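# Working through the structure, step by step
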Amino acid sequence: MKVFKEEQRFTQTWLIVLLAVSIIVPITVVVKKYLEENSNLSTTKFVLTLTGILVSVAIIFSFKLITRIDEKGIHYQFFPFHFSLKTISWNEISKVGIRTYLPISEFGGWGLRGGFFFNKGKEKAVNVSGDIGIQLVLKNGEKLLIGTQKKQEATSVLNTYKKKIV
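In this report, we go over the structure that sits alongside the text. As the structure is a computational prediction, the values presented were derived from the model and not from experiment. (Residues numbered from 1 in each chain as written. Predicted model: local features only at pLDDT ≥ 70, side-chain atom pairs only at ≥ 80, totals over all residues. Heavy atoms only, no water.)

### Points about the overall build of the chain
Looking only at helices and strands, the chain has four helices and nine strands in total. Overall, the chain shows an N-to-C arrangement of helices and strands of β-α-α-β-β-β-β-α-β-β-β-β-α. Relative to the globule expectation of 15 Å for 166 residues, the C-alpha radius of gyration of the chain, 21 Å, shows a markedly less compact shape. Expressed along its principal axes, the backbone C-alpha trace of the chain runs to roughly 75 × 30 × 25 Å. Residues classed as buried in the chain amount to 37% of the 166 residues present. (Helix = DSSP H or I, 4+ residues; strand = E, 2+ residues; numbered from the N terminus. Rg over C-alpha atoms; globule rule 2.2 N^0.38 Å. Buried < 20%, exposed > 50% of the residue type's maximum accessible area, 1.4 Å probe, protein only.)

This is the structure:
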């Protein structure tokens, strides 16, 4: 039995730099306000504000995409939006393969994409980085793209189970 497993997180350098810069400004403003001689910012509000800023950034780093392909189907979870693996069984899939995509122009970026304001009514994507994905076309007409950094491994395991698609 062949199994594909992958776990991805938002760890791109550009994202870390962007988040670092975006928290420096509000933290600087809050600290400056707190240190003013006649500040009306209490220690409690100061600590809560700093905690809120840091927690909101930390949440982004808790996001993770888990993908698993096995004899039952293709499973994925985008935490914290999905608390458990979502399973698409082989008998629900009409076509599957690996493809290169354009994250920004096709889906508006990375994350849990499509079916909302951007790309409404078209295919959905769950991705963290890069431009390679596992493309699924379901028998009900829906399309889902699951991002991957392991193109060769995913291709190999998909080829093992393609015969399950009827």
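Next comes the rest of the account.
### Some thoughts on helix H1 (residues 13-35)
The end-to-end C-alpha separation of H1 is 32 Å, in line with the 33 Å expected for 23 residues at 1.5 Å each. Listed as buried for H1 are Leu-15, Leu-19, Ile-23 and Val-30. Check the buried side of H1 and you find it contacts helix H2 (43-62). (Expected span 1.5 Å × (residues − 1). Contact = heavy atoms within 4.5 Å.)

### Focus on the sheet that holds strand S8 (residues 132-138)
As summarised here, the arrangement of the five strands in space is S5-S8-S9-S7-S6, forming an open sheet in which the pairing is mixed. Each of the sheet's edge strands pairs with one partner strand only, and the pair in question is strand S5 (93-100) and strand S6 (111-113). Neighbour to neighbour, the strand axes of the sheet diverge by 15° on average, direction disregarded. Bridge count for S8 against strand S9 (residues 143-147) is five bridges, and the pairing is antiparallel. In the sheet register, Leu-136 faces S9, and the bridge partner there is Leu-144. (Pairing = 2+ DSSP bridges. Axes fitted to C-alpha atoms, helices over the stretch in contact; angles between N-to-C directions.)

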